[in-house]
Each structure stands twice: as C-alpha cells, then as structure tokens.
Amino acid sequence: MAKVKTLDDLRKMKDELKSRISLRENSDNPESLVQVKVSMATCGIASGAKEIMNYFIEEFDSQNIDAVVTQTGCMGYCYAEPTIEVTLPGEKPLVFGNVTFSKASEIIEKYIKEGELVDGIIPDNYETIE
Amino acid sequence: MKDLAMHIIDITRNSVRAGASLIGIRLDVYKTEKLLKMTIKDNGCGMDSEMILRVTDPFVTSRTTRKVGLGLPFLKMNAEQTGGALSIQSQPGEGTVVTATFDYSHIDCVPLGDIQGTVALIMSGNPNQDFEFEICKDESVFALKSTEIKDALDGISIANPSVAKMIAEMVDTNLLSDLQ
Ligand SMILES: Nc1ncnc2c1ncn2[C@@H]1O[C@H](COP(=O)(O)OP(=O)(O)O)[C@@H](O)[C@H]1O
Ligand SMILES: [Mg+2]
C-alpha cells in the first residue's frame, strides 16, 4: 500500500481496506474478530509491551487476519509482563504471560490460526478489566 | 522508562483509567531554549490537592490507603534530571493536566522514541476514547484528531491493525524532524 499522508489519503485507503476486510463477517461486531488486548500499565510498558503490540499489528496487517488490537490496564501479573489477553471468536479469553516476539509468533501461528493451545497461558479465573 | 514515547503511553493510560473520554497529547519544542514540553490533558475524574502531592512524591504521605504507582514519579525523575519539572493541575470532576518539561540538550535527557508508532498505538488501541495529538515547533504545528480519523474511516474500526499502521504513517510523514 502507498504511504498515508493526509486524511484524504486515509479516506481513499478506506475503500481498499474495506475490500480487504473480509465481507463474510461484520467487522463492526467485535465478537466476530480475533481480539488481542495488551496490558499497558507501567510495568508492562517497561518490559516491552509496546513492541509486542506493534508486532501483532504488523502480523495481522500483513497476514490479513481479521482482528482488533487494543490496550488494557494492569492485569495484575506484573511478574509476567508483557501480558496479553487473546479472545478468539466464540471462545473464552486466554491470558498469556512473558510474551516475547517468538511467543507472539507462536500464539498467532498455532493458537489464533489453528486453535491449538500453546504454553504460556496464565491459568486463572480472573476478570478482564476495562 | 527509556524514552518520552513510553511516558506518553503510560500517562495517557492514567487518563483512560480516570474515565476520560477526550485526551490531549501535546509536544512543544522551543528550539532556542532547547526546551521540550509534554502536556497530557484529560477530562477524567481528576484529583484533589492532597492526592496530587501524594502521587508526585510517594514518600510524603503517611497514609497507605492505596498502593502508590510509579508512572508519575518516573516521569518526574526523568524531567528533573535534565533540570526540567513535572507539574499536575487537577480538580476533582474536572480533569487533569500533566505537564513535563525537559532540557533536551541535557546529557541525561531521554530520547523522544517512536512518537509516530506511539500515537498510532494510543489512538488505535483505545477505540472508545478520543485523542487529540499536537506537535508544535516554532511556527509549525501538526495536529491529528482521532475523531477525524474515525469519520474518514466511515465504519471501519480504528482498532483495525491496518488502520494503526496508517496512523503511524500519517504522523511519520508529517512529524517535524530534526528535533535534537
Ligand atoms: N489523569 C489522571 N486523572 C485522575 N487520577 C490520576 C491521573 N493520573 C494519575 N492519577 C492518580 O494518580 C495515581 C498514581 O499514578 P501513577 O504514578 O501513574 O501510578 P499508577 O498508574 O500505577 O497508579 C493513579 O493511581 C491515580 O489514582
Ligand atoms: Mg500510571
């Protein structure tokens, strides 16, 4: 894609984007998308949460995976930062701790694309925040 | 925190948690004074004056009703070690303005970091809040509002990963370079 410079460019890109976002699902309905929430409290940021969030954005963009990537607050696992919560359509949210780039890649290739469980899940009956 | 961009993510998270719906992020660069001013403004729940004292200096209080965080003290430390300062203006129910100044010619000044990526992650990563980003250097101003982006997107979620990349490109192309 060409570089976006202005809001006008963005408007033009929107149509291209719309055709790329698969039409089978209603993308306004987050339940139909993969949702990744990255914990971005002070400890998360300090341990590289921003780079991990960027990694998911890059991969989802280049692999055309229907997903939303958002930030969330402290999930209470400071010892396991960066921490992310992944929700597949129709599934319960799972929390992964100590997410490195290679772990992030494994989560995308195995869990998100194939539905296979991978190591690093923080088992808990915690409540998602925000 | 390694750079200013990380502080921006951290301080805007405070605003989101304070229930803000609109958050302003502004960077002012004063070239002659070699001064960099970062201002984060929100319309969240605000703080009373006792709380402001407590959050900027965690050791001042005798009360331990809540755990004191590290985000604002880190920012204060990074500003002060360049000869700059941190100030917080806030009223309960009104909102909060956090301002940090840095002498960017100082050897201990943290780098700016990835401002464009950070603005993108903040706007895209908090689809329920609105953000106004401004960077002002001498006479030039670059401003980007998430409401304008949402309008232009016409139904596509701002949290879509491709949109995050586009926002970073928009800021990158327009970001005023040669700050240091
Ligand atoms: N923008 C804000 N609006 C309201 N309260 C705030 C704001 N920023 C900070 N605070 C209060 O100050 C506290 C300390 O903030 P901080 O130093 O960032 O640590 P933490 O976010 O980990 O608690 C917060 O927990 C919150 O109670
Ligand atoms: Mg904080």
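Only a predicted model underlies this, so the values are computations on that prediction, with no experimental measurement involved.

On a plain count of helices and strands, chain A comes out with 4 helices and 4 strands. When the helices and strands of chain A are listed from N to C terminus, the series reads α-β-α-α-β-β-β-α. Element-wise, carbon and sulfur atoms account for 51% of the exposed surface of chain A, whose accessible area totals about 6500 Å².

Let us now look at the interface of chain B and chain A. With 38 residues of chain B at the contact, the number on the chain A side is 36 residues. Summing both partners gives a buried area of about 3300 Å² for chain B against chain A, and 64% of it is carried by carbon and sulfur. The largest share of the area that chain B buries against chain A comes from R13, L121 and M166 of chain B, three residues that together contribute 19% of it. Here D114 of chain B and K50 of chain A are joined by a salt bridge, their closest N and O atoms 2.8 Å apart. Counting across the chain B and chain A interface gives 13 residue pairs in polar contact (both at pLDDT 80 or more). If one sorts the elements of the side of chain B that touches chain A by residue count, helix α6 (residues 161-174) of chain B sits on top with 11 residues. The class makeup of the residues in the side of chain B that touches chain A is 18 nonpolar, 11 polar and 9 charged.

With that out of the way, let us pick up the sheet that holds strand β2 (residues 67-72) of chain A. Residue and element names in this part refer to chain A. As summarised here, the arrangement of the 4 strands in space is β2-β1-β3-β4, forming an open sheet in which the pairing is mixed. Pairing within the sheet leaves two strands with one partner each, and these edge strands are β2 and β4 (94-96). Taken pair by pair, the neighbouring strands of this sheet meet at an average axis angle of 20°, ignoring direction. As paired strands, strand β1 (residues 34-39) and β2 are joined by 6 bridges and run parallel to one another. Counterpart to S39 in the pairing with β2 is T72. With respect to the sheet, helix α3 (residues 49-62) is in contact with β1, β2 and β3 (84-87), its orientation differing from that of β2 by roughly 170°. Its contacts with the sheet place helix α4 (residues 101-114) against β1, β3 and β4, and it is angled at close to 30° to β3.

Looking at the element boundaries, S15 of chain B is found in helix α1 (residues 4-17). Contact partners of S15 of chain B, with chain neighbours within four places excluded, come to A20, I23, I40 and D42 of chain B.

This part is about the packing of α1 of chain B against helix α4 (residues 115-125) of chain B. Helix packing for two helices is described by the angle between their axes and how far apart those axes are. Residue and element names in this part refer to chain B. It is at 9 Å that the axes of α1 and α4 come closest, and there the two elements cross at 20°. The angle between the axes of α1 and α4 places the two elements in the roughly parallel class. In the crossing of α1 with α4, the sense of the turn from one axis to the other is right-handed. Along its contact with α1, which presents A5, I8, I9 and T12, the element α4 presents I115, T118 and I122. Class assignment for the residues of the contact of α1 with α4 results in 5 nonpolar, 2 polar and no charged.

Let us now look at the nonpolar core. All names here are of chain A. Core analysis: the biggest nonpolar cluster contains 85 residues, and F56, I84 and I112 have the highest contact counts within it. Other than its neighbours up to four places away in sequence, I112 contacts V34, V36, F56, F60, I65, V86, L88 and I107. If you look at the next biggest cluster of nonpolar residues, it comprises 5 residues, including Y77, A80, V95 and I122.

On to unusual backbone geometry, then. Along the chain, E81 of chain A connects to P82 of chain A via a cis peptide bond; the corresponding omega equals -10°. Its identity as a non-glycine residue notwithstanding, K34 of chain B has a phi of 55°, on the positive side. We classify K34 of chain B as partly exposed; its relative accessible area is 36%.

Time to look at the confidence of the model for chain B. This prediction gives chain B a mean pLDDT of 90; 91% of its residues lie at or above 70. Under the prediction, the complex receives an ipTM of 0.90, its pTM being 0.92.

Quick notes on the rules
- Residues numbered from 1 in each chain as written.
- Chains lettered and ligands numbered in written order.
- Predicted model: local features only at pLDDT ≥ 70, side-chain atom pairs only at ≥ 80, totals over all residues.
- Heavy atoms only, no water.
- Helix = DSSP H or I, 4+ residues; strand = E, 2+ residues; numbered from the N terminus.
- Areas by Shrake-Rupley, 256 points an atom, 1.4 Å probe, with all protein chains shown as cover.
- Contact = heavy atoms within 4.5 Å.
- Buried area = accessible area lost by both parts, 1.4 Å probe.
- Salt bridge = Lys/Arg side-chain N within 4 Å of Asp/Glu carboxyl O.
- Polar contact = N/O pair within 3.5 Å; in protein donor to acceptor, adjacent residues only side chain to side chain.
- Nonpolar A, V, L, I, M, F, W, Y, C, P; charged D, E, K, R; others polar.
- Pairing = 2+ DSSP bridges.
- Axes fitted to C-alpha atoms, helices over the stretch in contact; angles between N-to-C directions.
- Parallel < 35°, antiparallel > 145°, perpendicular 65-115°, else oblique.
- Left-handed = near helix turned anticlockwise from the far one by under 90°.
- Core = buried A, V, L, I, M, F, W, Y, C linked by side-chain atoms within 4.5 Å.
- Buried < 20%, exposed > 50% of the residue type's maximum accessible area, 1.4 Å probe, protein only.
- pLDDT = per-residue confidence, 0-100.

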